[in-house]
Amino acid sequence: MDWFVGLGIAGLVLLLFSLIFDGVLEGVFGGVLDGLFDGFLSLPVIAGFVSMLGFGGAIVLGTTDLGATGATAAGVVAGTAAGWLTWKLSRALMRDQTAATPRGGDLVGSSGSVVTAIPAEGYGEVLVYLAGQPLKLAAKSSGPVARGAEVWVESALSATSVAVRPVER
């Protein structure tokens, strides 16, 4: 029983190390291990297999009269299933693509409202919506713009400031 529990704990420790030191082993050996721990032989898959081999074997050994051979067989089956599920989940996560990150140029042409009045050739604050999310930015205008006025973004000056013009009514 102690061997099986030890294998289960060793698998969890291996999983912890693979999450913390992801890719470090490949870099340590100067590219010799490139691609070795990818796919079905990845460290999380191996860790899942070893953990379930140990814990599954311990459960079978403790709850049935199958003995060490039966517990090992049941552990191998459980470990193979856990390894396969880990492999499938990691492949699905690696294929998941995110949308492009919004840039300052994406604000050009959007409307907003003035939160803090903008003096002539000075800075105030505007509230604009980018991808449905409110974004408060510093704003500069060629002329004064009162608080609450609607404005159009003409250009992005930096990551946190824009040039605006009041909407003509």
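Every value quoted in this text rests on a predicted model; they were computed, and no experiment measured them. (Residues numbered from 1 in each chain as written. Predicted model: local features only at pLDDT ≥ 70, side-chain atom pairs only at ≥ 80, totals over all residues. Heavy atoms only, no water.)

1. Things to note about the pairing of strand β3 (residues 133–140)
Taken together, the eight bridges between strand β2 (residues 123–130) and β3 define a ladder with antiparallel strand orientation. Note on β3: the bridge partner recorded for Y123 is K140. A loop of two residues connects β2 with β3, the two strands running antiparallel in sequence, and A131 in this loop sits at a positive phi of about 55°. (Pairing = 2+ DSSP bridges. Helix = DSSP H or I, 4+ residues; strand = E, 2+ residues; numbered from the N terminus.)

2. Section: the confidence of the model for the protein
Summary statistics for the protein give a mean pLDDT of 84 and a share of 86% for residues scoring 70 or more. Mean pLDDT per element in the protein: helix α2 (residues 24–28) is the minimum at 58, and strand β1 (residues 111–116) is the maximum at 93. (pLDDT = per-residue confidence, 0-100.)

3. Considering the nonpolar core
Counting residues in hydrophobic clusters, the biggest one holds 13 residues, and the most contacted among them are L107, I118, V126, V162 and V164. Of all the secondary-structure elements, those providing two or more residues to this core are β2, β3, β4 (150–156) and β5 (161–166). The element contributing the most residues to this core is β2, with three residues. Other than its neighbours up to four places away in sequence, V164 contacts I118, A139, K140, S141, V151, W152, V153 and E154. (Core = buried A, V, L, I, M, F, W, Y, C linked by side-chain atoms within 4.5 Å. Buried < 20%, exposed > 50% of the residue type's maximum accessible area, 1.4 Å probe, protein only. Contact = heavy atoms within 4.5 Å.)

4. A word on the sheet that holds β3
Pairing between sheet strands relies on hydrogen bonds along the backbone, with the strands arranged either parallel or antiparallel. Pairing within the closed barrel is mixed, and its five strands lie in the order β1-β2-β3-β5-β4. Within the sheet, the average angular offset between the axes of one strand and its neighbour, ignoring direction, is 55°. Where β4 and β5 come together, five bridges link them in antiparallel fashion. Opposite A156, over in β5, you have V162 as the bridge partner. (Axes fitted to C-alpha atoms, helices over the stretch in contact; angles between N-to-C directions.)

5. So, unusual backbone geometry
Even without a glycine there, the phi angle at E121 is positive, about 55°. Here E121 is to be found in the loop between β1 and β2. For E121, a relative accessible area of 54% gives the class exposed.

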